[in-house]
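# Examination of the molecular architecture
Here are the chains, one letter per residue:
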Amino acid sequence: MNFTRRHLLTGAAAGASLALAPTTAHAEAEAAPGALGLLYDATACVGCQACVSACVEANHAPQSASLDAARASERGLTTEARSSVKLYVSADGSERSFVKQQCMHCVDPACVASCMFRALNKDPQTGVVRWEPSRCVGCRYCEIVCPFHVPRFEWQGFNPRIVKCELCSPRLAAGLQPACSSVCPTHAVVFGQRRALLSTAHQRVAAHPGSYSEGRVYGEHEAGGTQALYLSHTAFGKLGLPLLSAESIPAKRLKWQKRIYSYLAAPAVAYALLAGVLVKRWRSHQVHEVHEEVTTGLRPQL
Amino acid sequence: MNRQWQRSVPLFERPVLTRPFAVLCGLGAIAAVLALYREAAGLGPASGMNDAYAWGVWKTFNIMVLTGLGSGSFAIGIAVWIFGQHRLHAVMRTAVLSSFLTYASGLALLGVDVGRPWNFFSILLPWRWNAHSPMLEIAFCMPLYTAVPLLIENLPVLLEFLGKRLPRFSFAFDAAESTIRRVFPFVLALGFLLPAMHQSSLGALMLLAGEQVHPLWQSPLLPLLYVGAAGYMGFAFVTFILLMAHLVWERPLDMEVLCSLSRIAAGVAAVWLGVRTMDLLLRRVILLAFAPTQAALLFWIETSLLAAGAIVALSAARRNNARRAFVASLLLCVGGMLYRFDPTTMVYRPGFNASYFPSLIELAIAVGFVAAAVAAFCVVVKFTAVLPAPLDAWFEAETAQTPRNPRTGQLVIEYAAAD
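The shown structure was predicted, so the numbers you read here are calculated from the model rather than taken from an experiment.

As a further point, take the overall build of chain A. Along the backbone of chain A there are 12 helices and nine strands. Here chain A holds 302 residues, and the buried ones make up 46% of them. Within chain A, contacts between residues at least 6 apart in sequence are counted, and of these 59% link residues at least 24 apart.

For the rest of this paragraph, the subject is the overall build of chain B. Helix and strand counts for chain B come out as 14 helices and two strands. Against the 2.2 N^0.38 benchmark of 22 Å for 419 residues, chain B shows a C-alpha radius of gyration of 23 Å, consistent with a compact globule. C-alpha extents for chain B along the principal axes are approximately 75 × 55 × 45 Å. Taken across its 419 residues, chain B has 51% of its residues classed as buried. Within chain B, contacts between residues separated by at least 24 positions form 83% of all contacts whose residues are at least 6 apart in sequence.

Turning our attention to the nonpolar core. Residues and elements named next belong to chain B. Core analysis: the largest hydrophobic core is formed by 212 residues, its most contacted members being Ile 76, Tyr 232, Phe 235, Ala 265, Ala 313 and Leu 332. Top element by residues in this core is helix α9 (residues 222–249). It accounts for 17 residues. If we skip the residues at most four places from it in the chain, Ile 76 touches Leu 88, Val 91, Met 92, Ala 95, Gly 234, Phe 235 and Val 238.

The next point concerns the environment of Glu 57 of chain A. For Glu 57 of chain A, the position within the fold is in helix α2 (residues 50–58). In the structure, Glu 57 of chain A is positioned 32 residues away from Val 89 of chain A in sequence and 28 Å away in space, judged by C-alpha atoms.

In this section: the interface of chain A and chain B. For an interface, size is often stated in terms of accessible area lost upon the parts coming together. The interface is formed by 52 residues belonging to chain A together with 51 residues belonging to chain B. Of all the elements, helix α12 (residues 265–296) of chain A adds the most residues to the side of chain A that touches chain B, at 11 residues. Tallied by class, the residues present in the side of chain A that touches chain B amount to 33 nonpolar, 11 polar and eight charged.

Residue and element names in this part refer to chain B. Burial of helix α5 (residues 72–82) is extensive: 10 of the 11 residues sit out of reach of the surface. Turning to α5, its buried residues number three or more, namely Gly 72, Ser 73, Phe 74, Ala 75, Ile 76, Gly 77, Ile 78, Ala 79, Val 80 and Trp 81. Following α5 by one or two positions, Gly 84 adopts a phi angle in the positive range, close to 65°.

A word on the environment of Val 80 of chain B. All names here are of chain B. Examined against the element boundaries, Val 80 turns out to sit in helix α5. The exposure class of Val 80 is buried, given the 21 C-beta atoms found within 10 Å. In the structure, Val 80 is positioned 12 residues away from Met 92 in sequence and 8.4 Å away in space, judged by C-alpha atoms. In contact with Val 80, other than residues within four places in its own chain, are Gln 85, Leu 88, His 89 and Met 92.

With that settled, consider the pairing of strand β9 (residues 228–231) of chain A. Residues and elements named next belong to chain A. The two faces of β9 match: Ala 228 and Tyr 230 on one face and Leu 229 and Leu 231 on the other face are all buried. As judged from the four bridges shared by strand β1 (residues 36–41) and β9, these two strands associate in the parallel manner. Looking at the pairing, Leu 38 lines up with Ala 228 of β9.

To continue, consider the confidence of the model for chain A. All names here are of chain A. Averaged over every residue, the pLDDT of chain A is 86; the share at 70 or more is 86%. At the low end of the mean pLDDT range in chain A sits helix α1 (residues 5–20), at 43; at the high end sits β9, at 97. Within the model, the stretch residues 1–28 combines pLDDT values under 50 with 24 contacts to residues more than four positions away or in other chains.

Helical geometry: 3.6 residues make up each α-helical turn, so side chains three or four residues apart lie on a common side. Between the first and last C-alpha of helix α6 (residues 92–113) of chain B there are 31 Å, a value that for 22 residues agrees with the 32 Å anticipated at 1.5 Å per step. The element α6 of chain B is largely enclosed, with a buried count of 19 among its 22 residues.

A few words now on the packing of α5 of chain B against α6 of chain B. Residue and element names in this part refer to chain B. Where α5 contacts α6, the two axes come as close as 8 Å, and the packing angle between them is 150°. It follows that α5 is roughly antiparallel to α6 by the angle criterion. Across from Gly 72, Ser 73, Ile 76, Gly 77 and Val 80 in α5, the residues of α6 making contact are Met 92, Ala 95, Val 96, Ser 98 and Ser 99. Looking at the contact of α5 with α6 residue by residue, the class counts come to five nonpolar, five polar and no charged.

Residues and elements named next belong to chain A. If you walk across this open sheet you meet the three strands as β8-β1-β9, and the pairing is mixed. Looking at the sheet topology across the chains shown, the edges are occupied by β8 (189–193) and β9. Here the strands of the sheet are splayed against their neighbours by 20° on average, with no regard to which way each runs. Summarising the sheet, β1 and β8 pair through five bridges and their orientation is antiparallel. If you follow Gly 37 over to β8, its bridge partner there is Gly 192. On top of the sheet, helix α9 (residues 194–207) reaches β1, β8 and β9; it is set at about 130° to β8, its chief contact.

The phi angle at Leu 264 of chain A is positive, at roughly 55°, despite the residue not being glycine. Its place among the elements puts Leu 264 of chain A in the loop between α11 (255–261) and α12. Of note, the phi angle at Asn 320 of chain B is positive, near 60°, even though the residue is not glycine. Mapped onto the fold, Asn 320 of chain B is located in the loop between α11 (294–319) and α12 (322–341).

This part takes up the pairing of β1 of chain A. Most of β1 of chain A is tucked away: six of the six residues are buried. Residues Leu 36, Leu 38 and Tyr 40 of chain A of β1 of chain A are buried on one face, and the alternating residues Gly 37, Leu 39 and Asp 41 of chain A, pointing to the opposite face, are buried as well.

All names here are of chain B. As a packed pair, α5 and α9 sit with axes 7 Å apart at the nearest point and diverge in direction by 95°. Here α9 runs roughly perpendicular to α5, going by the angle between their axes. Each of Gly 72, Phe 74, Ala 75 and Ile 76 in α5 lies in contact with α9, whose residues at this interface are Ala 230, Gly 231, Gly 234, Phe 235, Phe 237 and Val 238. Grouping the constituent residues of the contact of α5 with α9 by class yields seven nonpolar, three polar and no charged.

About the thresholds
- Residues numbered from 1 in each chain as written.
- Chains lettered and ligands numbered in written order.
- Predicted model: local features only at pLDDT ≥ 70, side-chain atom pairs only at ≥ 80, totals over all residues.
- Helix = DSSP H or I, 4+ residues; strand = E, 2+ residues; numbered from the N terminus.
- Buried ≥ 20, exposed ≤ 12 C-beta atoms within 10 Å, placed from the backbone.
- Contact = placed C-beta atoms within 7 Å.
- Rg over C-alpha atoms; globule rule 2.2 N^0.38 Å.
- Core = buried A, V, L, I, M, F, W, Y, C linked by C-beta atoms within 7 Å.
- Nonpolar A, V, L, I, M, F, W, Y, C, P; charged D, E, K, R; others polar.
- Pairing = 2+ DSSP bridges.
- pLDDT = per-residue confidence, 0-100.
- Expected span 1.5 Å × (residues − 1).
- Axes fitted to C-alpha atoms, helices over the stretch in contact; angles between N-to-C directions.
- Parallel < 35°, antiparallel > 145°, perpendicular 65-115°, else oblique.

Right under this line is the structure:
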């Protein structure tokens, strides 16, 4: 599939028209209509590491890092390599598969929910999760909560960054597709709108029902859905893709937190109640203090 | 020897510059230098943290664990002010000072821990806030709690001290105190609301980590259990401080107060253990506690420390036994500390192979910040009236601190103008 600027523009236009249409669905549960993503098909991947090299180059990492990408890839994601391709071999050697790793661009990401100043935020149109240096405090909470272990922190130096795949946002803005999908010789990495990629994935599964594990697309429902989608002949769990329920992590885990803190209503009521009780207690305490001052002749200590 | 604690009295007769104090200051100074090194070199060279274990002891121990111990002002304050345990008023100054110092030291270390502290000014820009982030709640509430309620609750002690040292300006200090008295109930209310919020949010932090935290700990009740732990840890830690003051500085004990502190701590811990057990039963994960795993072992260590702590505390209260109260406070402190440490570190299982052990520099900084807080506590209690004492100790201190005529050695007493 070739992705051109026109695809992107028509997609965006369709997205905009849909966004204007009234909708009753919860924003957190559904992907933006124009959500972009990647489809990785492990059955087609030959492990050439071209995508990793292109990724490192596109993200302005030093040339040496680019040449070393294949070796770096074995270490997984680093601050130089925002994507990696690793080889999985089962214990008895009978099963093998490559697996690409990069940011999944979750539909309702835990990292975005966790980030206190919205340094990690989701583009409303494309759904790409980006990092904004001027807002990040460097608390590394995103690294704790990401179920896919994607964000990387620069541990060296006084001005560290959070580094993760941003779906080559500058290239997208220039009408190009992400570096990784642009160089893939086997169409194992395909870029497009999430909806289109999902139907492509389902077509591939339907065409070769036997060759895909579990007969499904990883990322369609996992953790509320991700914009990076996976197909594989090996069980997803073995490739390091965690088994996650269909509810997004923020929706599932912060249900009560969100209710308690919505509009700060509950804390305000609690404060009013506390203050009411304490004003009363304080008055009786002052009476007590005066009594003590009279009996001991000493100034009361607060 | 049991004499009722009636007033807070400075430890005026004790020297400030002692060898242990010098050691504490030295540790603090080393930490300060190493913190500068961390700022220049980055977190990697200064700590054992990595991308799998992105949080090290600075957050998981100095904040998560030690602010639990520093919850005395919150926990005992509620018993005193809401539930009318008037006898516990005597220990409030100790509680608020210990809370202030633990929080201040933790927050200072947090400034060292975060990678890009200069962006923290975003806290002043509401449009940048992510209102649903537990981290924002903590980033907002913890400094606010330290800077407003805790500071104001500590101010009367300072004003009292200044009033004595600078009698000429006592009118100003008196005016300040009467202002504090006017707003005091509203400050107290803030002092109970904010810790309830951020102590629960410390638990809520780990909610988003989802399945990475072992199911024995990962629970929707995590925020509630974190506040509950802060409850008994606050009581136990203040009891511990008071008994240490007795052991080190030979302060007289008021067993009545210590017994009621122990009794309440035991009660809170017992209810907490009950809630946790119910939670494990309802989530149907209790059987995991009987699997031969490290997590199960940790669970039983926590549970037995806390259960033993509650039982010993109760027996201390029944038998009026200071030794038992000391043991109980230690057990409850350590049990609570372990509970608050485990989900972030010991039973936190990141998806890929990695290990974390704090580096020497990291440990030295963590220890140094604690040492600085302890040193500050030692200084403050020697100059200002924080630790509780019987009435006669107050008079003794007053007499000793009253200026004497250098030649005759007689007390110089200025009488206020007669009415």
